[in-house]
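# Chain and residue survey
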Amino acid sequence: MQSNRRDFIKHAAMASAIAVAKPVAGFSILHKELQPDEVTIGHGGYTYKADKQWAKISVNSTPLFNCHEMVQDSKGRLIMLGDSTRNNILIFDKSGKLLDYWGSAFPGGHGLSISKEGGEDFLFITDCGWYQDRTGAWNRQAGQVVKTDLNGRLIFAIGHPRTIGIYKDDEYFQPTETAIAPNGDIYVADGYGSDYIIQYNSKGQYIRHFGGHHNANKAHNLQNAHGVAIDNRDKNNPVLICTSREENCFKVFNLDGKFIKQIDMPGMYVCRAVIDDHQLYAGVCWSKDANGKRFDNSGFVTILDAENKVISNPGGAAPVYKNGVLQPTLQAANPVFQHGHDVCVDDEKNLYVCQWNANHTAPVKLTRV
């Protein structure tokens, strides 16, 4: 994570301009402004029209920095978390009309999950602790996870795990994501800190932690545990899908933190898994070039089927399998995205793609065709 943030700081001066550099094989790195319905992206039965002008917001009243994550509530509204403290939370309808906005307490607003309890929706907001001050410098403070209602009323907060003795003084806590189990247990991914997945009960009381860097079996380690999600596609056997972004893979654990298997995503720096019906969706923040090197402005979206086989890459090249093994996947020749950070799937199977380090742009809507 620290190297990722250093990369961001290094390139921050370029955030308001499109990078122009020598082309690399397999890539066009000039960002092309697409108009609604200009192109169809994706593969197989998962193709979409891209609309970069979907969000009807004002840069004066509702400025954006990074659009990190989005969820849909029970009323069909789309709730986005960003890291501008002018408006951490933006709430849209599906046409892109802004319905409400609130929040100024999360300068590192990063992860957003939603849960339903007793017919009411609640938000779990993760502040990773990285924030940019008025001088433009990046700073780090301890991260936090808070539970709120949809109007921002605080229910409770989960503090630094050092306070309950599970972290040492020199271990950073920079959480990036939460996932809520069917029984209400809360899983916190410390993806920019010590790479643990920390399990709490529904009241925020500690149960266990796993992952990290020091397991006897290195397959159980996580490297940039950027996301965590409940995979309930098998209703009788829900599992956790944890992102190990620097390893270009997802790792699957049972709900007690026992390692099950690894899903390799070669060439793709995937963010959190988003489960909808039998599919898994994820933003790809970076991909690699033809020489196997991570490349800026190289993101897209990836979609996996019930067997965790990649079936479509909107904004990326078509998936290729050889002898059952997924081959490294590059960004498409005509880029649509810069750094895909999250995917929200609405009740009509349209997608909304939030991006990090993408010139302060709003989510891109992908209408399924």
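Shown above is the structure to which this text applies.
An account of the accompanying structure is given in this report. Predicted model only: the values in this text are computed from it and were never measured. Starting afresh in each chain, residues are numbered from 1 along the sequence in its written order. Residues qualify for local features only when their pLDDT is at least 70, as the model is predicted, and side-chain atom pairs are given and counted only at 80 or more; totals for whole chains, interfaces and linings, by contrast, use all residues. Computation of side-chain values covers all heavy atoms of the structure but excludes hydrogens and water.

## Looking at the overall build of the chain
Test applied: We count a stretch as a helix when DSSP gives it H or I for four or more residues in a row; a strand needs E for two or more, and each element gets its number in order from the N terminus. Relative accessibility thresholds used throughout: buried, under 20% of the residue-type maximum; exposed, over 50%; partly exposed, between the two (1.4 Å probe, protein chains only). Any two residues whose heavy atoms approach within 4.5 Å are treated as being in contact. Per-residue and other accessible areas were derived by the Shrake-Rupley procedure at a 1.4 Å probe size, with only the shown protein chains allowed to occlude residues.
When you go through the chain residue by residue, the secondary structure sums to 1 helix and 31 strands. Of all 369 residues assigned to the chain, the portion counted as buried reaches 55%. Counting contacts in the chain only where the partners sit at least 6 residues apart, residues at least 24 apart contribute 49% of the total. Surface summary for the chain: the accessible area is close to 15500 Å², and the carbon and sulfur share equals 48%.

## Brief notes about the layout of surface pockets
This is how it is decided: We place a 1 Å grid over just the protein atoms. Points where a 1.4 Å probe fits but has no way out form a cavity, open points with protein on both sides within 12 Å along at least 5 of 7 lines form a pocket, and any residue with an atom within 4 Å of a point lines it. Grid points are joined across faces, edges and corners, and a volume is the space filled by probe spheres set on the points. Residue polarity is assigned by list, with Asp, Glu, Lys and Arg as charged and Ala, Val, Leu, Ile, Met, Phe, Trp, Tyr, Cys and Pro as nonpolar; anything else, Gly included, falls into the polar class.
In this structure, the largest pocket spans a volume of roughly 990 Å³. Lining the largest pocket are 34 residues, with Ile114, Ile230, Asn232, Val274 and Ile275 positioned closest to its centre. Mapped onto the lining of the largest pocket, the elements with two or more residues apiece are strand S3 (67–72), strand S7 (109–117), strand S13 (177–180), strand S17 (228–231), strand S22 (274–276) and strand S29 (340–345). Tallying contributions element by element places S7 first for the lining of the largest pocket, with 4 residues. Across the lining of the largest pocket, the residue classes break down as 16 nonpolar, 8 polar and 10 charged.

## Observations regarding the state of the cysteines
Convention followed: Disulfide assignment relies on a single distance test, namely cysteine sulfur atoms paired within 2.5 Å.
Inspection of every chain in the model, using the stated rule, returns 0 disulfides. Here Cys344 is not cross-linked by a disulfide; its sulfur's nearest cysteine counterpart is in Cys354, at 7.7 Å.

## A word on the packing of aromatic side chains
Just so we agree on the cut-off: Classification of ring pairs rests on two measures: the distance between centres of Phe, Tyr or Trp rings, Trp counted by its six-membered ring, which must be within 6.5 Å, and the angle between planes, read as stacked under 30 degrees, edge-to-face over 60 and tilted in between. For a Lys NZ or an Arg CZ to count as sitting over a ring, it must be within 6 Å of the ring centre and within 35 degrees of the ring normal.
Within this structure, the stated rule accounts for 10 aromatic pairs. With centroids separated by 5.6 Å and ring planes inclined at 55°, the aromatic side chains of Tyr167 and Tyr196 adopt a geometry described as tilted. One end of the pair, Tyr167, is in the loop between strand S12 (154–158) and S13; the other, Tyr196, is in strand S15 (residues 196–200), and 29 residues separate them in sequence. The ring of Tyr269 has Arg294 lying over it, and the distance from NZ or CZ to the ring centre is 5.6 Å. Cation over ring: Lys309 sits above Tyr321, and NZ or CZ is 4.9 Å from the ring centre.

## Focus on the side chain of Gln355
Selection criterion: Any N or O atom pair separated by 3.5 Å or less is treated as a polar contact, with the protein-specific requirement of one donor-capable and one acceptor-capable atom, and with residues adjacent in sequence counted only for side-chain atom pairs.
When you line up the elements, Gln355 lands in strand S30 (residues 351–355). At 3.1 Å, the side chain of Gln355 and the backbone nitrogen of His339 are in polar contact.

## Observations concerning the pairing of strand S31 (residues 364–368)
For clarity, the threshold we go by: Between any two strands, pairing holds if DSSP finds at least two bridges.
Alignment of strand S2 (residues 46–51) against S31, held across 4 bridges, turns out to be antiparallel. Counted as the bridge partner of Asp51 is Lys365 from S31. Sheet topology note: the S30/S31 ladder contains 3 bridges and is antiparallel. Within the sheet, the bridge partner assigned to Leu351 lies in S31 and is Leu366.

## Here we look at the pattern of salt bridges
Pairing is possible between side chains of opposite charge, provided their charged atoms come close. The line we're drawing: Just to be clear on terms, a salt bridge is a Lys or Arg side-chain nitrogen sitting within 4 Å of an Asp or Glu carboxyl oxygen.
Per the stated rule, a full pass over the model turns up 15 salt bridges. Measuring nitrogen to oxygen at the nearest pair gives 2.8 Å for the salt bridge that ties Arg77 to Asp73. What you see here is one network of salt bridges that share partners, running through Glu69, Glu177, Arg272 and Asp342.

## Some words on the environment of Gly152
By the element assignment, Gly152 lies in the loop between strand S11 (144–149) and S12. Between the alpha carbons of Gly152 and Leu123 there is a distance of 8.4 Å; along the sequence they are 29 residues apart.

## A short note on the sheet that holds strand S20 (residues 259–264)
Within a sheet, adjacent strands bond to each other through the backbone by hydrogen bonds, running parallel or antiparallel. Let me state the cut-off plainly: The angle between two axes is taken between their N-to-C directions and runs from 0 to 180 degrees, where each axis is a line fitted to C-alpha atoms and a helix contributes only its stretch in contact.
Read from one edge to the other, the open sheet built from 4 strands follows the order S17-S18-S19-S20, with strand pairing classed as antiparallel. One side of each edge strand has no neighbouring strand; the edge strands of this open sheet are S17 and S20. Each strand axis lies, on average, 25° off the axis of its neighbour in the sheet, ignoring direction. Sheet analysis places strand S19 (residues 249–253) next to S20, joined by 5 bridges and oriented antiparallel.

Honestly, it's all geometry; don't read function into it.
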